[in-house]
Amino acid sequence: MRLIIIKTASALLLTCNSLFANDANESFLSVEAKNLGSAFITILTKPIFSINEIEISALKIFISLLVLVLGFLIGGYYKVHIQKISYKRHAISSATKTIFANLGYYTILLISLLIALNIIGINLSSIALVAGALSVGIGFGLQNIVSNFVSGIILMFERSVKVGDYVELSDTLRGHIIDIRMRSTILNTNANIDVIVPNQNFIQNSVINWTMNDNIKRFDIPFGVAYGTNPQLVMDVITKAVADADYDDVYITDDRQTRVIMTGMGNSSVNFELMVWIQGENIFRPRRTTSRFLVLIYDTLYENNIQIPFPQLDLHIKNGEKEI
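Draft legend 1. Spotlight on a nonpolar patch on the surface. Together, Leu59, Phe62, Ile63, Leu66, Val69, Leu70, Leu73 and Ile74 make up a nonpolar patch on the protein surface, roughly 720 Å² of accessible area in all. Judged by its relative accessible area of 46%, Val69 falls in the partly exposed class.

Draft legend 2. The arrangement of helix α6 (residues 231–245) in detail. The end-to-end C-alpha separation of α6 is 21 Å, in line with the 21 Å expected for 15 residues at 1.5 Å each. Among the residues of α6, Val234, Met235, Val237, Ile238, Ala241 and Val242 are the ones counted as buried. Close packing links the buried residues of α6 with β8 (216–225), β9 (259–265), β10 (270–279) and α7 (286–303). Directly after α6, the chain includes Asp246, whose backbone phi takes a positive value near 55 degrees.

Draft legend 3. Highlighting the nonpolar core. One finds Phe223, Val225, Ile238, Phe272, Leu274, Val276 and Phe293 to be the most contacted residues of the largest nonpolar core, which totals 26 residues. Those elements giving two or more residues to this core turn out to be β8, α6, β10 and α7. The dominant element in this core, judged by the number of residues it contributes, is α6, at 6 residues. Those residues in contact with Val225, other than ones at most four positions away along the chain, are Val234, Ser269, Val270, Phe272, Leu301, Ile306, Gln307 and Pro309. By size, the runner-up hydrophobic cluster in this structure holds 12 residues, among which are Val163, Val167, Leu173 and Met182.

Draft legend 4. Highlighting the environment of Ile283. Positionally, Ile283 belongs in the loop between β10 and α7. A sequence separation of 67 residues divides Ile283 from Ile216, and the C-alpha atoms of the two residues are 7.3 Å apart. Not counting residues within four places of it along the chain, the set of residues in contact with Ile283 comprises Trp210, Thr211, Asn215, Ile216, Lys217, Phe219 and Ile278.

Draft legend 5. Representation of the environment of Arg292. Secondary-structure assignment places Arg292 in helix α7. Ignoring any residue separated from it by four or fewer positions in sequence, one finds Arg292 in contact with Tyr247, Asp249 and Asn282.

Draft legend 6. Layout of the sheet that holds strand β6 (residues 194–198). Strand order in the open sheet formed by 5 strands is β6-β5-β4-β3-β7, and the pairing between neighbours is antiparallel. Two strands lie at the open edges of the sheet, namely β6 and β7 (208–209), each paired on one side alone. Two elements, strand β4 (residues 173–180) and strand β5 (residues 184–189), share 5 bridges in a ladder whose sense is antiparallel. Each bridged residue has a counterpart across the sheet, and for Ile177 the counterpart in β5 is Leu187.

Draft legend 7. Seen up close, the sheet that holds β10. An order of β8-β10-β9 is seen for the 3 strands of this open sheet, with the pairing classed as antiparallel. This sheet does not close on itself; its edge strands, each paired only once, are β8 and β9. For this sheet the average axis-to-axis angle between neighbouring strands, irrespective of direction, equals 25 degrees. As judged from the 10 bridges shared by β8 and β10, these two strands associate in the antiparallel manner. Residue pairing across strands places Ile216 opposite Gln279, the latter belonging to β10. Sheet strands in contact with α7 are β8 and β10, and its direction is about 40 degrees off that of β8.

Draft legend 8. Representation of the packing of aromatic side chains. This structure, assessed with the given rule, holds 4 aromatic pairs. Here the aromatic rings of Tyr247 and Phe293 are separated by 5.5 Å at their centres, their planes lie at 85 degrees, and the arrangement is edge-to-face. In this pair, Tyr247 is assigned in the loop between α6 and β9 and Phe293 in helix α7, connecting sequence segments 46 residues apart. Positioned over the ring face of Trp277 is Arg256, at 4.8 Å from the centre of the ring. Positioned above the aromatic ring of Tyr247, the side-chain terminus of Arg292 is 4.6 Å from the ring centre.

Draft legend 9. Representation of the pattern of salt bridges. One pass over the structure, following the stated rule, counts 6 salt bridges. The salt bridge partner of Arg218 is Asp220, with a shortest N-O separation of 2.9 Å. Here Asp249 makes a salt bridge to Arg292, at a shortest N to O gap of 2.6 Å. Pair noted here: Asp249 is in the loop between α6 and β9 and Arg292 is in helix α7, with a separation of 43 residues, a long-range link. Asp249 sits in the buried class, given a relative accessible area of 8%. Overall, Arg292 belongs to the partly exposed group, its relative accessible area being 23%.

Conventions we followed
- Residues numbered from 1 in each chain as written.
- Predicted model: local features only at pLDDT ≥ 70, side-chain atom pairs only at ≥ 80, totals over all residues.
- Heavy atoms only, no water.
- Patch = residues over 30% accessible without salt bridge, like charges linked within 9 Å, V, L, I, M, F, W, Y side chains within 5 Å.
- Areas by Shrake-Rupley, 256 points an atom, 1.4 Å probe, with all protein chains shown as cover.
- Salt bridge = Lys/Arg side-chain N within 4 Å of Asp/Glu carboxyl O.
- Buried < 20%, exposed > 50% of the residue type's maximum accessible area, 1.4 Å probe, protein only.
- Helix = DSSP H or I, 4+ residues; strand = E, 2+ residues; numbered from the N terminus.
- Expected span 1.5 Å × (residues − 1).
- Contact = heavy atoms within 4.5 Å.
- Core = buried A, V, L, I, M, F, W, Y, C linked by side-chain atoms within 4.5 Å.
- Pairing = 2+ DSSP bridges.
- Axes fitted to C-alpha atoms, helices over the stretch in contact; angles between N-to-C directions.
- Phe/Tyr/Trp six-rings, centres within 6.5 Å; stacked < 30°, edge-to-face > 60°.
- Lys NZ or Arg CZ within 6 Å of the ring centre and 35° of its normal.

Below, the structure written as structure tokens:
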């Protein structure tokens, strides 16, 4: 019996020692974790540098960057959401969608930037100093950026050109406007090439907007016939051929008629011009539309035995005796 009591007491003593040892280990680990956490927080909150006596720490920089990233994400979500709404509601035009999407997007980014600056500790009143430094930068090379930015705002509100318009900037550059941004405008050509055009080009240079008020355009198609041809016959047969072709896109009203006029007498041809009004999607395909009417003119002249001239040069040789 005595032996049993001794063994039981020994077991209880060992168990107590083990428990005390575990408690000591847990207490030690807890203290180490607290010390490590305090050291980490101290590192994060320790000033790295200062701006105008404002101490900037790594924690402030991290939170500010996180706010900016969230601003970009929220702004992108807002832009996509506006586009989805415009697709469901046909009453919202593409231009209105672009204005609301871009203004909302940049407003969200601006608010995120102000919040980030406030987190860092930069007083908004000190932005005047930043603006002063920025003005110096503008004087040294940011004029184009600021000009494009202001031009983008003007384009959004003035709406002289808007998303969906078909514009022509030069003889080789024309296409649909698919987006107007703060710095640039995206132009999609007939060859499905996206061209990034600085906004100031639409403000400072002449721009031909084919669809500003409607989708009706007059095509002037020149051609020539040989000398000796009755001009009235040419005008009559070509006008009749266009009318008989019964093209769906030919637009005719009291003040917009299909006409053929004589424009001049060239070196080897009598020159004419077919003036025809086109309505609809075919105005966005000027080369194909012009080609269609040129083929019609060629076939009509051929059927009516009207000669189509080509450049030629007559060489006259004068006979004479050679002087001695």
